[in-house]
Amino acid sequence: MINEIINLMAECLEKEPGELKATDEFREYEEWDSLAYLSVIAKIDEDYHLVIPRDEFQKIRTIEDLANYLENK
Amino acid sequence: MAIFKYSEIGISGISAAVPKEKYNNLAPNDFFTEKEAKSVVKMTGIKERRVAPSNICASDLCYAAAEQLLREMAVERATIDVLIFISQTPDYRMPATSIILQNRLGLSKSCAAFDINLGCSGYVYGLCFAYSFCKHKTINKILLLNGETRTKVYSFKDKSTGLLFGDAGAATLIERNKEAGESIFSLNADGSRYHFIMIPAGGYRYPSSPETVKEKIFEDGSIRTDEQGIMDGSGVFDFTIQDVPQDIIRVLNESGRSIADIDIFLFHQANKFITDHIAKKMDIPLEKVPYSLDKFGNTSSVSIPLNIVSELSNQLSNEVKTVLMTGFGVGLSWATGLLDLNRPYISKLIEL
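Quantities reported herein were computed from a predicted structural model and do not represent experimental measurements.

Thoughts on the interface of chain B and chain A
- Between chain B and chain A, the contact holds 15 residues from the first and 13 residues from the second.
- With both chains or domains summed, chain B and chain A bury close to 1,200 Å², and 60% of this area falls on carbon and sulfur atoms.
- Looking at the side of chain B facing chain A, the largest losses of area belong to B:Phe237, B:Asp238 and B:His277, adding up to 31% of the total buried there.
- If you look at where chain B meets chain A, you find three salt bridges.
- Of the charged contacts in the structure, one is a salt bridge between B:Lys281 and A:Asp45, with a shortest N-O distance of 2.7 Å.
- Only α1 (34-44), α5 (233-255) and α6 (272-281) of chain B provide two or more residues apiece to the side of chain B that touches chain A.

Details of helix α2 (residues 34-48) of chain A
- With 15 residues, α2(A) ought to run about 21 Å at 1.5 Å a step, and its terminal C-alpha atoms sit 21 Å apart, in line with that.
- Across the 15 residues of α2(A), eleven count as buried, placing the element largely inside the fold.
- Those residues of α2(A) that sit buried are A:Leu35, A:Ala36, A:Tyr37, A:Leu38, A:Ser39, A:Val40, A:Ile41, A:Ala42, A:Lys43, A:Ile44 and A:Asp45.
- Buried residues in α2(A) make contact with α1 (2-13), α3 (54-59) and α4 (63-71) of chain A together with α1, α5 and α6 of chain B.
- Two or three places before A:Leu35, at the start of α2(A), stands the capping residue A:Asp33, its side-chain oxygen 3.2 Å from that residue's backbone nitrogen.

Overview of the nonpolar core
- If you look at the biggest cluster of nonpolar residues, it comprises 69 residues, and the most contacted ones within it are A:Met9, A:Trp32, A:Val40, A:Phe57 and A:Leu66.
- If we ignore the near neighbours within four places in the chain, the residues touching A:Met9 are A:Leu20, A:Phe26, A:Trp32, A:Val40, A:Ile63 and A:Leu66.
- Membership of the second largest hydrophobic core comes to 43 residues, among which are B:Val124, B:Leu127, B:Cys134 and B:Leu306.

Considerations on α1(B)
- Where α1(B) is concerned, the buried positions are B:Ala37, B:Val40, B:Val41, B:Met43 and B:Thr44.
- Phi for B:Gly45, located one or two positions after α1(B), is positive at around 85 degrees.

Considering the sheet that holds strand β9 (residues 182-189) of chain B
All names here are of chain B.
- Strand order in the open sheet formed by five strands is β1-β9-β16-β15-β14, and the pairing between neighbours is mixed. Unpaired on one side and paired on the other, β1 (3-7) and β14 (264-267) mark the two borders of the sheet. The sheet shows a mean angle of 15 degrees between the axes of neighbouring strands, taken without regard to direction.
- Bridge count for β1 against β9 is five bridges, and the pairing is antiparallel. Within the sheet, the bridge partner assigned to Tyr6 lies in β9 and is Ser183.

Conventions and cut-offs
Residues numbered from 1 in each chain as written. Chains lettered and ligands numbered in written order. Predicted model: local features only at pLDDT ≥ 70, side-chain atom pairs only at ≥ 80, totals over all residues. Heavy atoms only, no water. Contact = heavy atoms within 4.5 Å. Buried area = accessible area lost by both parts, 1.4 Å probe. Salt bridge = Lys/Arg side-chain N within 4 Å of Asp/Glu carboxyl O. Helix = DSSP H or I, 4+ residues; strand = E, 2+ residues; numbered from the N terminus. Expected span 1.5 Å × (residues − 1). Buried < 20%, exposed > 50% of the residue type's maximum accessible area, 1.4 Å probe, protein only. Polar contact = N/O pair within 3.5 Å; in protein donor to acceptor, adjacent residues only side chain to side chain. Core = buried A, V, L, I, M, F, W, Y, C linked by side-chain atoms within 4.5 Å. Pairing = 2+ DSSP bridges. Axes fitted to C-alpha atoms, helices over the stretch in contact; angles between N-to-C directions.

Read these as spatial facts, not as claims about activity.
This is the structure:
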């Protein structure tokens, strides 16, 4: 799961998966902006058929958190 | 549940008008950096918009569209029994702009005329009402006008809305038609999210004052007054990718048809990234999803008829097409319609 989410995040941010770590706080990436946010939400909707509500997404800090969140859904 | 079904009623003609003046979103601009503008264009697909000068109102664009349509189709004015003007940029706060247009268009005094205050959902809502009036055998033809000058609503210096909106007007003629099959509409509203898209001041809740016309600087660097529009982009995004597909599925289920039965999907033209995403998620082939937002931006309730006039006149002239149209936005309000277009007359786009 964690590798899936790293790949998803890399694709949305146009980075190489190798540049990302599970413990990274993704909002700290230079590439993170409102467009990246929408891309991530849309990609998760596409792959996991789930729209993460904005207030819940705000609580998710790291890539690992996001993987855990999706696993528990 | 606001589901409406009709048969033997159809659209017989559509026309649209836009202002001549083009605004290129990628041209150097004092407020958006090149990078910011590129990012908005990449995300939304909106490259260019039409901007009405101060002396052109939404009603003028609708008037031009309606005059051309009625003239080219040789419609006798006395046969128009209902005139509906849908806009959030009317001429005056009172009277209703539709009534002024009744006179300008030379329509009968026994024609019913009224305005509807709806935005992006307004074309589908308007069609549904027009179809409903057509059920009455005493009513001949309905003229539905959708007009907006949204560039006058939003600040060009607002980071989230400054590059999105364009001005346009459209006219649609609706009447009974024995060849028209079943059409179905779903209308929706959610006032709990009314603050997602709004003009806070200038109504009666927060009246116009010297304070409300002062420009303010916001955290993200946007500059606007309280009488200009605001939009919560990510809130609208969540709404669009969740509620709109659900409504499309509901209409398909009600009609007993599937995605494969639909020839053309007419999404409100607001954001290509979002509507492409909905299409992909629902397995709608992208070649069935026409776009004109690259040329005109988001024109609110005008975007669907403008898209038809701009992109579909050839396709629609030869054969009957089954279309699914969906409008969504300010309110929040959203609506979906599934109908056949039986070779309606499509007039050439007017530039004013």
